[in-house]
Amino acid sequence: QVQVMESGGGLVVAGGSLNLSCKVTGLRFGGQNLGWFRQISGDEREAVSCINWNSARTYYVDSVKGRFTISRDNDKSTLYLQMNSLRPEDTAVYFCAAGARYLGDQCSYFSSTAWGQGTQVTVSA
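In what follows, the accompanying structure is described. Because the structure is a prediction, the values reported are computed rather than measured.

### Comments concerning unusual backbone geometry
Inference 1: Positioned with a positive phi, serine 55 is a non-glycine residue whose angle comes to about 65°.
Inference 2: Looking at the secondary structure, you find serine 55 in the loop between strand E5 (46–51) and strand E6 (58–60).
Inference 3: In this model, serine 77 sits at a positive phi of 50°, which is unusual for a non-glycine residue.
Inference 4: What makes serine 77 buried here is its relative accessible area of 17%.

### Remarks on the environment of phenylalanine 68
Inference 1: Inspection of the secondary structure assignment puts phenylalanine 68 in strand E7 (residues 68–73).
Inference 2: Along the chain, phenylalanine 68 and asparagine 19 lie 49 residues apart, while their C-alpha atoms are 9.4 Å from each other.

### Focus on the pattern of salt bridges
Inference 1: With the rule as written, the count across this model stands at four salt bridges.
Inference 2: One salt bridge in this structure joins arginine 38 and glutamate 46, with 3.0 Å as the shortest N-O distance.
Inference 3: For arginine 38, a relative accessible area of 7% corresponds to the buried category.
Inference 4: Between aspartate 90 and arginine 67 there is a salt bridge; the shortest N-O distance is 2.8 Å. Of this pair, aspartate 90 sits in the loop between strand E8 (78–83) and strand E9 (92–103) while arginine 67 is found in the loop between E6 and E7, placing the two residues 23 residues apart along the sequence.
Inference 5: Judged by its relative accessible area of 1%, aspartate 90 falls in the buried class.
Inference 6: Connected through shared salt-bridge partners, Arg38, Glu46, Arg67 and Asp90 make up one network.

Basis of the calculations
- Residues numbered from 1 in each chain as written.
- Predicted model: local features only at pLDDT ≥ 70, side-chain atom pairs only at ≥ 80, totals over all residues.
- Heavy atoms only, no water.
- Helix = DSSP H or I, 4+ residues; strand = E, 2+ residues; numbered from the N terminus.
- Buried < 20%, exposed > 50% of the residue type's maximum accessible area, 1.4 Å probe, protein only.
- Salt bridge = Lys/Arg side-chain N within 4 Å of Asp/Glu carboxyl O.

Here is the structure:
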């Protein structure tokens, strides 16, 4: 079975930072495209950042460019998202996606994408 587990969310003041982590087990981590998605209650799940299997390609949604950095450690089977200069509009539940989908220049997901349970990020004004 595949297990995806996010951690590192929390409550921060605007301008602060968080580092999210995602541990993945049960699949060949080094061969997977990975991503971070976020969801606000009642809205569609949005791709925030993705990274391909060898870290040669990354994707960032425009609103986080220059503030967020995605990385991966294949030896630890762990995905990271360093989030700096956080804004209240970044408030959401952040989900880790194992087996993300590159759709042209965009990042999305497949029906087979494995998801974590989500970690809450709250940024106060």
